[in-house]
Amino acid sequence: MTMRSAMTLSRSIGFADLVGTRTRTRSATDSVNAKIEVRNFSFFYGNFKAINTVSMDIPANHVTAIIGPSGCGKSTLLRAINRMHDATIGAHAEGEMRFDGVNVYDPAVDSVLLRRRVGMVFQRPNPFQLTIFDNVAYGLRVNGMRDKKLIAQKVEESLKRAALWDEVKDRLFKSLGTALSGGQQQRLCIARAIASDPEVILMDEPCSALDPIASLKIEDLIDDLRDQFTIVIVTHNMQQAARVSDMTAFMLMNRATRAGELIEFDQTDKMFTAPSDQRTEDYISGQFG
Amino acid sequence: MNTPKNYRWRKFVDQVMRGSTVFATGCAVIPLIAIIGYVLTLGASALSVQFFTDVYQPPNMAQAAADGSTPAFDPNDPFAGIGVPTDGTAPADGTAPVADVYAGGPVGGVLHGIIGTLIITGMGLLFALPIGIFAGIYLSEYRNERYATIVRFCCDVLSGSPSIVAGVVIYILVVIRSHEFSAIAGSLALMILMIPIVTRTTEEMLKLVPESMREAARGLGAPTWYSTFTVIIPAALPGIVTGVMLAFARGAGETAPLILTVLGSNVISTNLFAPMASLPLLAYRYTESPYPGENTLAWGAAFVLMMLVLVMNILVRVATRRRAGASR
Ligand SMILES: Nc1ncnc2c1ncn2[C@@H]1O[C@H](COP(=O)(O)OP(=O)(O)OP(=O)(O)O)[C@@H](O)[C@H]1O
Ligand SMILES: [Mg+2]
């Protein structure tokens, strides 16, 4: 047996175990309403089509993972949900991205208001050069909250939910957010994102800059948050996708057009145990670019 | 250890390159040190308590200081007290000959110039700051707009143009119309010179703030103006302050535009709508003076100007560092 196939085997066994042992609070089958409906959605950077006619329903109050090889358009799709591309020259969309039934690319939709309902956590932790408290309070203040007591209460609550409270509670006003460790910074960013009670949280490889222990903490956190928020997470770590998500989308770049396409979208258990597309199986079992 | 065969040659090239950079740096630094040293040594001899507390004194005061006599000043015969013979003969009253008067040491001070420079430059900065900072924000945070390229280009042209141009423009627009040289006209001329400096440094410093900060704020639903003032500017503040200090130094040292706008004065004046003294103007006028004592005052004025910029720089830096450090 070659090294490679041995690894493949052990990995796929690992996945089966993980998927099998994980307890789900809710199954995605009792199909709840779709929070985000992606319909024939294509995205362009200038003339370059980065993703091609993607359609999928992202269920409310579940964790949806997007996986796929580098450059297949995962980040592009994720950031299209809250129109983070607005600042990029030449970036534009075709098709529909419906959030609670409203196409977010409708000219009448205000991107600033949209982003208050669809929060984001980035690949690299990006706390502001403000105190820990001000970092978490930022979104609240943006939303016009002025009541100091309420803000303090919200900040504490969010830091507790982000499992960071005990580590920072006695230096909330003393330390800058940028002075924390990478893992702490990322949990701070999550606290910041959830403080203003968004409905959806988008996470673009939130653990890729973290060590395995810090990553596990974030995963636990996502597990805690799934009841209250709709979470969409891009990850390169298949075990992570299997552990945290209810639904998984697999994307792949079309060799001919270089545009990213959605290959398969299904419940995570099914994707990792019995995918219906050969390419999904190849990718998940590690036999793919 | 095996050395590559061209190792010595590489080492030689490295040393030549290193030597050239050190030499070039020396060439750049030597004039600077020479100027500072020259101003220090010549200016220091003008320094006295009187220099900082007194204003301009006419040369007959110099005469009085030289020989202990009481200076007399007759407006109808202004030369009477200073021993200049009005008929070409030697003074009959036994006052010192002309040469002695010219040799008189420095008398009087530049307090009026210090006050004037602070007022004119400070006011110019006050005008330039909001315009420059907002323009810098526009160029950096709204950089996708095509209009920004034009503004940036104009800024560069403006900061490269000779300062007398600013003086002429204000002379025509303000001085001629108001029929009066005035401090405020000088401030406006300095404002024109300071705006491009503040604008461009603000822009460059804001651009140094990582894009991820803007994304984070955008992701929280913050409008651009909000994140700019709460996150981006605080992060760029030390750099912006440097730009502001550069602008202050540039404005404080300008002479040409002030000749055309504030004219100069021999007394302390705080009237913004009247001529006012300023340190560079005093340095300029005193340099031209036939009295060696006044030439010394010119060096003193230059020295004080340098110190003023230095002290302002240190004060502002300490103040901003303390603010930034408070939350650490
Ligand atoms: N701002 C941009 N301008 C132009 N092209 C872009 C831009 N951002 C991404 N692309 C292109 O779009 C395609 C998809 O990029 P995207 O970042 O979405 O990939 P990804 O799946 O997130 O990859 P990774 O896993 O490496 O993060 C790539 O070919 C990329 O070169
Ligand atoms: Mg990506």
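Residues numbered from 1 in each chain as written. Chains lettered and ligands numbered in written order. Predicted model: local features only at pLDDT ≥ 70, side-chain atom pairs only at ≥ 80, totals over all residues. Heavy atoms only, no water.

(A) How the structure looks around the overall build of chain B. The helix and strand tally for chain B stands at 13 helices and zero strands. Across chain B, helices and strands are ordered from the amino to the carboxyl terminus as α-α-α-α-α-α-α-α-α-α-α-α-α. Taking all contacts inside chain B whose residues are at least 6 apart in sequence as the whole, residues at least 24 apart take part in 78%. Total accessible area computed for chain B in this model is approximately 17500 Å², and 68% of it derives from carbon and sulfur atoms. (Helix = DSSP H or I, 4+ residues; strand = E, 2+ residues; numbered from the N terminus. Contact = heavy atoms within 4.5 Å. Areas by Shrake-Rupley, 256 points an atom, 1.4 Å probe, with all protein chains shown as cover.)

(B) Spatial organisation of the interface of chain A and chain B. Opposite the 26 residues of chain A that make contact, chain B presents 19 residues. For the pair chain A and chain B, the summed buried area comes to about 2000 Å², and 61% of that belongs to carbon and sulfur atoms. At the junction of chain A and chain B, the tally comes to one salt bridge. For the pair chain A and chain B, the interface holds five residue pairs in polar contact (both at pLDDT 80 or more). Secondary-structure elements contributing two or more residues to the side of chain A that touches chain B are α3 (111–117), β6 (118–121), α4 (132–142) and α7 (182–195) of chain A. Broken down by element, the residue count for the side of chain A that touches chain B peaks at four residues, all from α4 of chain A. Residues belonging to the side of chain A that touches chain B are distributed by class as follows: 14 nonpolar, six polar and six charged. (Buried area = accessible area lost by both parts, 1.4 Å probe. Salt bridge = Lys/Arg side-chain N within 4 Å of Asp/Glu carboxyl O. Polar contact = N/O pair within 3.5 Å; in protein donor to acceptor, adjacent residues only side chain to side chain. Nonpolar A, V, L, I, M, F, W, Y, C, P; charged D, E, K, R; others polar.)

(C) Region of interest: unusual backbone geometry. Residue and element names in this part refer to chain A. With a phi close to 30 degrees, Thr-53 is a non-glycine residue in the positive phi region. Mapped onto the fold, Thr-53 is located in strand β2 (residues 48–59). A relative accessible area of 45% means that Thr-53 is categorised as partly exposed. Phi is positive for Ala-163, which is not a glycine, with a value near 55 degrees. Structurally, the position occupied by Ala-163 is in the loop between α5 (148–161) and α6 (165–168). (Buried < 20%, exposed > 50% of the residue type's maximum accessible area, 1.4 Å probe, protein only.)

(D) The packing of α4 of chain A against α7 of chain A, seen in detail. All names here are of chain A. Between α4 and α7, the shortest axis-to-axis distance is 7 Å and the interhelical angle comes to 30 degrees. Considering their axes alone, α4 and α7 lie roughly parallel with respect to each other. Judged by the twist between their axes, the crossing of α4 over α7 is right-handed. The residues of α7 that touch α4, namely those facing Ile-132, Asn-135, Val-136 and Leu-140, are Leu-188, Ala-191, Arg-192 and Ala-195. (Axes fitted to C-alpha atoms, helices over the stretch in contact; angles between N-to-C directions. Parallel < 35°, antiparallel > 145°, perpendicular 65-115°, else oblique. Left-handed = near helix turned anticlockwise from the far one by under 90°.)

(E) Structural detail: the pattern of salt bridges. If you walk through the whole model with that rule in mind, you get 30 salt bridges over all chains. When the shortest N-O distance is used, the salt bridge between Asp-266 of chain A and Lys-270 of chain A registers 3.2 Å. Residue classification places Lys-270 of chain A among the partly exposed positions, given a relative accessible area of 35%. One salt-bridge network, in which partners are shared between bridges, spans Arg-152, Asp-156, Arg-200, Glu-203, Glu-204 and Lys-207 of chain B.

(F) Looking closely at a nonpolar patch on the surface. There is a patch of nonpolar side chains on the surface, built from Ile-164, Val-165, Val-168, Val-169, Ile-172, Leu-173 and Ile-176 of chain B and spanning about 530 Å² of accessible area. As for its position among the elements, Ile-176 of chain B is in helix α7 (residues 163–178). (Patch = residues over 30% accessible without salt bridge, like charges linked within 9 Å, V, L, I, M, F, W, Y side chains within 5 Å.)

(G) Layout of the site of ligand 1. Residue and element names in this part refer to chain A. Residues in close proximity to ligand 1 total 13 residues, the closest being Ser-70, Lys-74, Ser-75, Thr-76 and His-236. Ser-75 is positioned with one of its side-chain polar atoms (N or O) 2.6 Å from an oxygen atom of ligand 1. Take Glu-205: an N or O atom from its side chain is 3.4 Å from an oxygen atom of ligand 1. Protein coverage of the free-state accessible area of ligand 1, which is 630 Å², stands at 63%. Elements supplying a minimum of two residues to the shell around ligand 1: β2 and α2 (74–81). (Near = heavy atom within 4 Å.)

(H) The arrangement of the layout of surface pockets in detail. What the largest pocket holds in volume is close to 430 Å³. In this structure, the largest pocket is lined by 18 residues; those nearest its centre are Ala-87 of chain A together with Glu-141, Asn-144, Arg-218 and Thr-224 of chain B. Among the secondary structure elements, those contributing two or more residues to the lining of the largest pocket are α3 of chain A together with α5 (111–141), α9 (211–219) and α10 (224–253) of chain B. Each residue belonging to the lining of the largest pocket can be placed in one class, and the counts come to five nonpolar, five polar and eight charged. (1 Å grid on protein atoms, 1.4 Å probe; cavity = no way out; pocket = protein on both sides within 12 Å on 5 of 7 lines; lining within 4 Å. Points joined across faces, edges and corners; volume = space filled by probe spheres on them.)

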